[in-house]
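A look at the structure
Listed below are the residues making up each chain.
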Amino acid sequence: MSTATGGKNGELKAVFTWLELVQPPGHMPPAPLTGQLALMRVQQMPIAYYRFLLDQVGHDHYWVQRMRLSDVSIRAILDAPTTHISVLYLDGAPAGFFEIDSKRDGVAHIVHFGLIDHAQGRNLSPWFLHAALSAAWEEGTERVTIGTTSLDHPAALRLYQRFGFVVTERSHGTIRPLSAQERLEALNGTRPSTSL
C-alpha cells in the first residue's frame, strides 16, 4: 500500500482498503508462548476505557472518528445489541481489542482490531485475528468484512489476506489527525458533541 502524505490543513492522504471473507476460519493457531493471555468479552464497557483502548491501539494509526464522538454517541454504540467487544490481556495488562458490528443481516464487520505496542512483535496477531473471526462467525454469518488504511500497521493488510480476506474496494481519501487538545478532551471525557 502507498505511504500517506500530507494534504491541506494538516490532513493526511491515505489509501482505504475494504476486504471480505466468505468462509469461516480454519483451525485456530496455537497461542504463542509469550506470557499469560486472557481474552474477555466486555459487557457494559465504560466510555473512558473504550477511548483508552482506541487511543492506545489506534493513536499512531490515526483512528480518529470514534475519538471525535460525544459520550452519548459512544454509549449508543457500546450498548447496541449488535456490538461485540473483546479485550486481550497479556500478563494482566490490556494488550489489544477487537470490535465487531453485526448490524446487517448475514454480515459481521470488524470495526476495530489491533494490539497495543507492548504486545506487538510477539506473534500474537494470527491467534488474535482468529479469535476475532471466530467471534464474528456466529450463526447466520455469511461474510465478514474489515477495512484498513495505508496509515495502519504495515503488516495488517498482509495478515488479513493470509487469512483469506480478499480486497473488494480501494479508494483514496484524507484523515484529519486529532489535535493535542482534541485528544486530551476525548481522554478526559470532555469531548463536545460532534458528528463524524
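Calculation criteria
Residues numbered from 1 in each chain as written. Predicted model: local features only at pLDDT ≥ 70, side-chain atom pairs only at ≥ 80, totals over all residues. Heavy atoms only, no water. Buried < 20%, exposed > 50% of the residue type's maximum accessible area, 1.4 Å probe, protein only. Helix = DSSP H or I, 4+ residues; strand = E, 2+ residues; numbered from the N terminus. Arc of directions from axis to C-beta. Contact = heavy atoms within 4.5 Å. Pairing = 2+ DSSP bridges.

A few words on helix 5 (residues 180-188). The complete set of buried residues in helix 5 reads Glu182, Glu185 and Ala186. One side of helix 5 carries all its buried residues, which in axial view fall inside an arc of 100°. Residues of helix 5 that are exposed and angled more than 90 degrees away from the buried face: Ala180 and Asn188. Contact partners of the buried residues in helix 5: helix 1 (47-58). Backbone geometry just downstream of helix 5 places glycine 189 in the positive-phi region, at approximately 75°.

The buried fraction of strand 4 (residues 83-90) amounts to eight of the eight residues, a majority that puts the element mostly inside the structure. What you see with strand 4 is no split at all: Thr83, Ile85, Val87 and Tyr89 on one side and His84, Ser86, Leu88 and Leu90 on the other are buried throughout. Taken together, the five bridges between strand 3 (residues 37-41) and strand 4 define a ladder with antiparallel strand orientation. Considered in strand 4, the bridge of leucine 37 is made with leucine 90. In terms of strand pairing, strand 4 meets strand 5 (residues 93-101) through eight bridges, oriented antiparallel. Across the sheet, residue tyrosine 89 finds its bridge partner in strand 5, namely proline 94. Connecting strand 4 to the antiparallel partner strand 5 that follows it, the hairpin turn spans two residues, and aspartate 91 within it adopts a positive phi of roughly 55°.

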